[in-house]
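Listed below, chain by chain, are the residues.
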Amino acid sequence: MKLKGKVFKYGADVNTDVIIPARYLNVSAPAELAKHCMEDIDTTFLKKVKPGDIIMATTNFGCGSSREHAPLAIKASGISCVIAHSFARIFFRNAINIGLPLLECAESVNNTKAGDALEIDLAKGTIKNITNGKTFTAEPYPDFMSGIISAGGLIAYTKKRLALAKA
Amino acid sequence: MNLAEKILAAHSGKKIVTPGEFINARVDMVLSNDITAPIAINEFRRLGVSKVFDKNKIVMVADHFVPNKDILSAEQAKQMREFCKEYGVKFYDVGEMGIEHVLLPEQGFVLPGDVVIGADSHTCTYGAVGAFATGMGSTDVAVAMATGDIWMKVPPTIKFVYRGELGKWVGGKDLILYTIGNIGVDGALYAAMEFTGEAIDQLSMDGRFTMANMAIEAGGKAGLFHVDNKTQLYIKSRAKKNYLVYETDSDAEYEKVIEYDVTTIEPQVSMPHSPANAKAVGKVGSVKIDQAVIGSCTNGRIEDLRLAAQIFRRHKVKPGIRCIIIPGTQQVYLDALAEGLIEIFVKAGAAVSTPTCGPCLGGHMGVLAEGERCISTTNRNFVGRMGSAKSEVYLANPAVAAASAVTGKITHPDEVMK
Ligand code: SF4
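Each residue is numbered by its place in its chain's sequence as written, counting from 1. Whichever chain is written first is A, and whichever ligand is written first is 1; the rest continue in order. In keeping with the model being predicted, local features are shown solely for residues with a pLDDT of at least 70 and side-chain atom pairs are shown and tallied solely at 80 or more, while totals for entire chains, interfaces and linings include all residues. In computing side-chain properties, one takes all heavy atoms of the structure into account and sets aside hydrogens as well as water.

Novice: So what's going on with the overall build of chain A? Which residues, and what values?
Specialist: Think of it this way: any DSSP run of H or I at least four residues long counts as a helix, any run of E at least two long counts as a strand, and we number them from the N terminus. In terms of helices and strands, chain A carries eight helices and seven strands. Residue exposure (1.4 Å probe, protein chains only): buried if accessible area is under 20% of the type maximum, exposed if over 50%, otherwise partly exposed. Of all 167 residues assigned to chain A, the portion counted as buried reaches 56%. Contacts between residues were defined by any pair of non-hydrogen atoms, one from each residue, lying within 4.5 Å. Of the contacts made within chain A by residues no fewer than 6 positions apart, 64% connect residues no fewer than 24 positions apart. Reported accessibility uses the Shrake-Rupley method at a 1.4 Å probe radius. Residues are deemed covered only where the shown protein chains occlude them. For chain A, the accessible surface area stands at approximately 6,800 Å², while carbon and sulfur atoms represent 56% of it. Averaging the locations of the 21 positively and 15 negatively charged side chains of chain A gives two centres separated by 5 Å. Positive charges are assigned to Lys and Arg, negative charges to Asp and Glu, while His and the chain termini are left out of the count. For the purpose of locating charges, the reference atoms are NZ of Lys, CZ of Arg, CG of Asp and CD of Glu.

What follows is the structure, given as structure tokens:
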């Protein structure tokens, strides 16, 4: 699958409280959550974000609470992929489970500016910066996780597992 | 193998597990709350199973926005109530509930050697009783409620050794803030933290819960303690089933061993907007506050309230400062009543609330306005965590929070208790 979009760039330790503040967690519909995505860290995000756009950050993206509302809000806001130096553990598994693509690739983050246009080939793990012409390759997923991703998320994966167990 | 590896091996039917390995671990308890359960319930229904794997191994707690702060949160609690009724799952509702991570150990739901997962990042709190407990998302919880197991990557373990004797007013909160200040908010990313040493042996169960609670604030997957006499004493009267105590092997491997001499550690304060911005309270300088919050899954236990009461027995909250005190559970509330602590708090000018997460995540019961500052015994001081994105939260132990409520600025307890 190829993804294409412009980059929103953030620093280290972007936590789930700024991705989607707790004051909005009295709902869980992704479209409702998306209305407040990133508003405490970047008041321009919602005005500028377009379908396909990409978030880039440095270390420990998604730290803090376990709220799955964070990747849900990001996904529903139109973001197609998050690329970071590293991700916080719970955010990482939540994103995999709900089908928000994540890539770990410090080099691409360090060589990309906010607003640059990227083209990502998820199957190959390649990140092409169209603005400056550079190409990077992200860490591949371990086989186990690829299984969940190719099934379409943890629910679909588990459904298959349950069906196999029955058969 | 170390403690975490031993527990995970036993729960995945393996003789040995090694860090980095993917396993399917059997779970002994699956938890969710009024924020995370609604998504978990929806995902559970999508799985199309007719029952939960074991209704005695699932608990739902309404604690974040209850007693409900608005119509939408009331709908969320209603959804949980209905699900629990339909599937025979234990639901802790208003009047019985407490903050999940204070409640579950208190009620004997989490025991040594257990694997516990919860759709709440502070599920790691139960490491204090020697369980492998870790926070996950709602979808993970949905799957575990259906199948009784969940995928995991075996984490490497970092061992922390705390040497020496703790100073006055220094407890679990100070040790963990100091540790996070030292290693950073991703210092234990993906790793299990094992807490050991003489200072840990001295620490009460309540102090250990406080430390395990904040393992996630260093990025940790779990924060574990070994079972000793204090743990056994705590568990004995509460356990509703058998449990197994695991010990670290003498040749266990660790990713790292970090040692601290605690004799020089002072009460700590984490400055905005990161738990890692920890410094000794004496080095904070003059910081005026508008509000003090004493409670949460970090410091809402009876020992925490006793500590605050030591100060409020002699001093009143400074006029113009709001002090909000929240017992973690109904039992903590009752104990505080029996010991006369609630009367001390009310007479000192503090507001005492029924158990709830409330202000900890900016839900209700003490949300901050723009430009306001709060000293809080909670675990996170991220931007906007307690209200306005232009407010500030300072993290500290209950004695520091109480002393600060008395003077109106961040204060060492010694200063008011001379
Ligand atoms: S008290 Fe705070 S940190 Fe603990 S469970 Fe509630 S909201 Fe989360």
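Novice: Hey, could you go over the packing of aromatic side chains for me, with residue numbers and the actual values?
Specialist: Pairing of aromatic rings covers Phe, Tyr and the six-membered ring of Trp, with a centre-to-centre limit of 6.5 Å; geometry is then stacked below 30 degrees between planes, edge-to-face above 60, and tilted otherwise. All chains considered together, the criterion is met by 22 aromatic pairs over all chains. With centroids separated by 6.5 Å and ring planes inclined at 55 degrees, the aromatic side chains of A:F92 and A:Y141 adopt a geometry described as tilted. In this pair, A:F92 is assigned in helix α5 (residues 89–98) and A:Y141 in the loop between β7 (135–137) and α7 (143–151), connecting sequence segments 49 residues apart. Under the relative-accessibility criterion, A:F92 is labelled buried at 11%. The class of A:Y141 is partly exposed, set by a relative accessible area of 23%. Note on B:F22 and B:W151: the rings are 6.2 Å apart at their centroids and 35 degrees apart in plane angle, and the pair reads as tilted. One end of the pair, B:F22, is in strand β1 (residues 22–26); the other, B:W151, is in strand β7 (residues 149–153), and 129 residues separate them in sequence. Taken together through their ring pairs, the aromatic side chains of B:F160, B:Y162, B:Y178, B:F195, B:F225 and B:Y260 make up a single cluster. Distance and angle both matter: a charge sits over a ring if NZ of Lys or CZ of Arg is within 6 Å of the ring centre and within 35 degrees of the ring normal. For the cation-ring pair, A:R93 lies above B:W151, with the distance from its terminal atom to the ring centre recorded as 3.9 Å. Directly above the ring of B:Y92 sits B:K90, whose terminal nitrogen or CZ lies 4.7 Å from the centroid.

Novice: So what about the sheet that holds strand β6 (residues 126–129) of chain A? Which residues, and what values?
Specialist: Residue and element names in this part refer to chain A. Two strands qualify as a pair provided DSSP detects at least 2 bridges between them. Ordered by their spatial adjacency, seven strands build an open sheet running β4-β3-β2-β1-β5-β6-β7, and the pairing between neighbours is mixed. Two strands in the sheet have a free side with no partner beyond their single neighbour: β4 (102–104) and β7. Going from strand to strand, the sheet's axes swing by 30 degrees on average, the running direction of each strand aside. Examined bridge by bridge, strand β5 (residues 117–121) and β6 share four bridges and lie antiparallel to one another. Simply put, an axis is a line fit to the C-alpha atoms, just over the touching stretch for a helix, and the angle between two N-to-C directions goes from 0 to 180 degrees.

Novice: Run through the packing of helix α11 (residues 302–312) of chain B against helix α14 (residues 398–407) of chain B, naming residues and quoting values.
Specialist: All names here are of chain B. Where α11 meets α14, the closest approach of the two axes is 8 Å, and the angle between their N-to-C directions is 30 degrees. Taken as axis vectors, α11 and α14 run roughly parallel relative to one another. The interaxial crossing formed by α11 with α14 has right-handed handedness. The segment α11 lies against α14, with D304, L307, A308, I311 and F312 engaging P398, A399, A402, A403, A405 and V406. When residues are sorted by character, Ala, Val, Leu, Ile, Met, Phe, Trp, Tyr, Cys and Pro go into the nonpolar class, Asp, Glu, Lys and Arg into the charged class, and all the rest, Gly among them, into the polar class. Looking at the contact of α11 with α14 residue by residue, the class counts come to 10 nonpolar, no polar and one charged. An angle below 35 degrees is treated as roughly parallel, one above 145 as roughly antiparallel, one from 65 to 115 as roughly perpendicular, and anything else as oblique. Put simply, a crossing is left-handed when the front helix is turned counterclockwise from the back one by less than a right angle, and right-handed when it is turned clockwise.

Novice: Please provide a residue-by-residue account of the environment of B:V110, values included.
Specialist: Residue and element names in this part refer to chain B. Along the chain, the position of V110 falls in the loop between α4 (100–106) and β5 (115–118). Separated by 16 residues in the primary sequence, V110 and Y126 place their C-alpha atoms 6.8 Å from one another. Non-local contacts of V110, meaning those with residues more than four positions away in its chain, are made with M29, L104, P105, V116, Y126, V129 and I235.

Novice: So, the site of the ligand: which residues are in play, and what are the values?
Specialist: Residues and elements named next belong to chain B. It suffices for a single heavy atom of a residue to lie within 4 Å of a molecule or strand for the residue to be listed as near it. Close to the ligand lie 13 residues; H122, C297, C357, C360 and N379 are nearest. Of all the secondary-structure elements, those providing two or more residues to the shell around the ligand are α4 and α10 (296–299). Residues that form the shell around the ligand fall into these classes: five nonpolar, five polar and three charged. Residue ranges assigned to each domain were obtained from an automatic or database domain assignment. Each of two domains, domain 1 (3–260) and domain 2 (270–416), supplies a minimum of three residues to the shell around the ligand.

Novice: Outline the state of the cysteines, listing residues and values.
Specialist: Cysteine sulfur pairs qualify as disulfides if the two atoms are within 2.5 Å. Following the criterion strictly, the structure yields zero disulfides over all chains and no others. In this structure A:C81 is not part of a disulfide, and its nearest cysteine sulfur, from A:C105, lies 10 Å away. B:C374 carries a free sulfur, and the closest cysteine sulfur to it, the one in B:C323, is 9.1 Å from it.

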